[in-house]
Amino acid sequence: MLHHISLGVADIERAAAFYDAALAPLGYFRVWEDLSPGDDDQAVGYGSPGGGDKLAIKLRAEGQRPPGPGFHLAFAAPDRQAVAAFHKAALAHGGKDNGGPGLRAHYGPNYFAAFVVDPDGHNIEAVFNQAV
């Protein structure tokens, strides 16, 4: 249903470093960038290698606010190890723990996820939801 989603960030370099590290274990990478220091319209796009972006981060230094309670963005992970690596990388690059890697039986018997808040306050998750 969704083609892509964009998130506003206050510091594009900090956010790009965070997403570079957090998304790599999940198999997602920068697929384009428009970085021009001093420009108010800088952005970076992330997706699968050779594909288009599914997530874009856009510099919005003035008035940037994450969506309110109830909003979060979940990224598909290839396996449980990738979920754990996502969580570790996110915390090492300025994210805040919002639920460490583990089974979430209340979402389903195979729902293995980790939750973090990015440096701009966006709630994000990595999830692997398959039997092992």
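None of the values given here were measured: they were computed from a predicted structure. (Residues numbered from 1 in each chain as written. Predicted model: local features only at pLDDT ≥ 70, side-chain atom pairs only at ≥ 80, totals over all residues. Heavy atoms only, no water.)

Trainee: Which parts of the structure should I look at to understand the overall build of the protein chain?
Mentor: The secondary structure content of the protein chain amounts to two helices and nine strands. Secondary structure of the protein chain in N-to-C order comes out as β-α-β-β-β-β-α-β-β-β-β. At 15 Å, the protein chain has a C-alpha radius of gyration in line with the 14 Å of a compact globule built from 132 residues. Considering only C-alpha atoms, the protein chain reaches an extent of 45 × 35 × 30 Å along its principal axes. In the protein chain, the share of contacts with a sequence separation of at least 24, taken over all contacts with a separation of at least 6, comes to 52%. (Helix = DSSP H or I, 4+ residues; strand = E, 2+ residues; numbered from the N terminus. Rg over C-alpha atoms; globule rule 2.2 N^0.38 Å. Contact = heavy atoms within 4.5 Å.)

Trainee: What is the right way to read the sheet that holds strand β2 (residues 29-34) from this model?
Mentor: Either a parallel or an antiparallel arrangement is found when strands of a sheet pair, and the pairing is made through backbone hydrogen bonds. Strand order in the open sheet made by the four strands is β1-β4-β3-β2, with mixed pairing throughout. Strands at the two margins of the open sheet, each flanked by one partner only, are β1 (5-9) and β2. Adjacent strand axes in the sheet meet at a mean angle of 20° when their direction is disregarded. Two strands pair when backbone bridges link them, and strand β3 (residues 43-47) and strand β4 (residues 55-59) are joined in this way by four bridges, in the antiparallel orientation. By the bridge assignment, Ala43 is partnered in β4 with Lys58. Relative to β4, helix α1 (residues 12-23) is tilted by about 160°, and along the sheet it contacts β1, β2, β3 and β4. (Pairing = 2+ DSSP bridges. Axes fitted to C-alpha atoms, helices over the stretch in contact; angles between N-to-C directions.)

Trainee: Help me understand the packing of aromatic side chains in this model?
Mentor: The description of an aromatic ring pair uses the distance of the two centres, along with the angle that the planes make with each other. Per the stated rule, a full pass over the model turns up four aromatic pairs. Both rings, one in Phe18 and one in Tyr19, keep their centres 4.9 Å apart while their planes meet at 85°; by these two values the pair is edge-to-face. Considered together, Phe18 and Tyr19 belong to a single accessibility category, that of buried residues. Chaining the aromatic ring pairs together yields one cluster made of Phe18, Tyr19 and Tyr46. (Phe/Tyr/Trp six-rings, centres within 6.5 Å; stacked < 30°, edge-to-face > 60°. Buried < 20%, exposed > 50% of the residue type's maximum accessible area, 1.4 Å probe, protein only.)

Trainee: Sorry if this is basic, but what is going on with the environment of Asp34 here?
Mentor: Structurally, Asp34 is set in strand β2. For Asp34, a relative accessible area of 37% corresponds to the partly exposed category.

Trainee: I tried to follow α1 on my own but got confused; where do I start?
Mentor: Residues spaced three or four apart along an α-helix point in a common direction, a consequence of the helix completing one turn every 3.6 residues. With 12 residues, α1 should cover 16 Å at 1.5 Å per step; its first-to-last C-alpha distance of 16 Å lies within 8% of that length. Within the span of α1, buried status applies to Ile12, Ala15, Ala16, Phe18, Tyr19, Ala21, Ala22 and Leu23. The N-capping residue of α1, defined by a side-chain oxygen 3.1 Å from the backbone nitrogen of Glu13, is Asp11. (Expected span 1.5 Å × (residues − 1). Polar contact = N/O pair within 3.5 Å; in protein donor to acceptor, adjacent residues only side chain to side chain.)

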